[in-house]
Amino acid sequence: MTSFVAFQSETMRPDIDYIKEKYRHFNDLCFEGRLPEVPVELCDAAGFLGKACYSAVEDRYGLVIGYSKLKLRINIRYDLPESEVEDVILHEMIHLYIA
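Since the model is a prediction, treat every value here as computed from it, not as a measurement.

1. Some details on the nonpolar core
Taken as a class, soluble globular proteins show a tendency for nonpolar side chains to be buried jointly.
1) Next: Core analysis: the largest hydrophobic core is formed by 18 residues, its most contacted members being Ile-19, Tyr-23, Leu-72, Ile-89, Met-93 and Leu-96.
2) Next: Setting aside chain neighbours within four positions, we find Leu-72 in contact with Ile-19, Tyr-23, Val-38, Pro-39, Val-40, Glu-41, Lys-51, Glu-92 and Leu-96.

2. Here we look at the packing of helix 1 (residues 16-31) against helix 2 (residues 82-98)
1) Next: With their axes 10 Å apart at the nearest point, helix 1 and helix 2 run at an angle of 60 degrees to one another. With respect to their mutual orientation, helix 1 and helix 2 come out oblique. Considering only the axes of helix 1 and helix 2, their crossing is right-handed. Contact residues: Tyr-18, Ile-19, Lys-22, Tyr-23, Phe-26, Asn-27, Cys-30 and Phe-31 in helix 1; Glu-82, Val-85, Glu-86, Ile-89, Leu-90, Met-93, Ile-94, Leu-96 and Tyr-97 in helix 2.

3. Concerning the pairing of strand 4 (residues 64-75)
1) Next: Pairing between strand 2 (residues 40-43) and strand 4: four bridges, direction parallel. Note that in strand 4 the partner of Val-40 across the bridge is Leu-72.
2) Next: Across eight bridges, strand 3 (residues 50-58) lies against strand 4 in antiparallel orientation. Bridging from a neighbouring strand, Ala-52 pairs with Leu-72 of strand 4.
3) Next: Here strand 3 folds back onto strand 4 in antiparallel fashion, the turn holding five residues, of which Gly-62 has a positive phi close to 85 degrees.

Rules of the game
Residue indices begin from 1 for each chain and proceed along its sequence in written order. At least 70 in pLDDT is required for a residue's local features to be given in this predicted model, at least 80 for side-chain atom pairs to be given and counted, and no such filter applies to totals for whole chains, interfaces and linings, which use all residues. Only heavy atoms go into the side-chain values, all of them from the structure, while hydrogens and water stay out. Here the nonpolar core consists of buried residues drawn from Ala, Val, Leu, Ile, Met, Phe, Trp, Tyr and Cys, with membership extended through side-chain atoms lying within 4.5 Å. Exposure is judged per residue with a 1.4 Å probe applied to protein chains only, and the accessible area is read against the type maximum: over 50% gives exposed, under 20% gives buried, and values in between give partly exposed. It only takes one pair of heavy atoms within 4.5 Å for two residues to be counted as in contact. To define axes, lines are fitted to C-alpha atoms, for helices over the stretch in contact only, and angles between the resulting N-to-C directions are given on a 0 to 180 degree scale. Helix and strand assignments follow DSSP, with helices taken as H or I runs no shorter than four residues and strands as E runs no shorter than two, numbered in order from the N terminus. Each angle receives one of four descriptions, namely roughly parallel if under 35 degrees, roughly antiparallel if over 145, roughly perpendicular if within 65 to 115, and oblique otherwise. The hand of a helix crossing depends on one turn: near helix anticlockwise from the far one by less than a right angle means left-handed, and clockwise means right-handed. Strand pairing requires that DSSP identify at least two bridges connecting the strands.

In structure tokens:
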């Protein structure tokens, strides 16, 4: 008996509107809307698919007390299946949630 593995052959390069739509969807679905709206940047880097960017806020003793300047960077260098693009967005949202 031959078994077949289903795979998604359609690939895409997301735009900012798509990323923001998925961000809002996953924020409601997975984070109960707790994540703030963040700026989204598209990039063409070879080293990563996505990156959650933020700056540490320190108290007067140098201890990190929070984070600011939250931003989401999504790579559009590669054509990826939509499910992988969604995984990248969700993965980076987890980093923002932890921060």
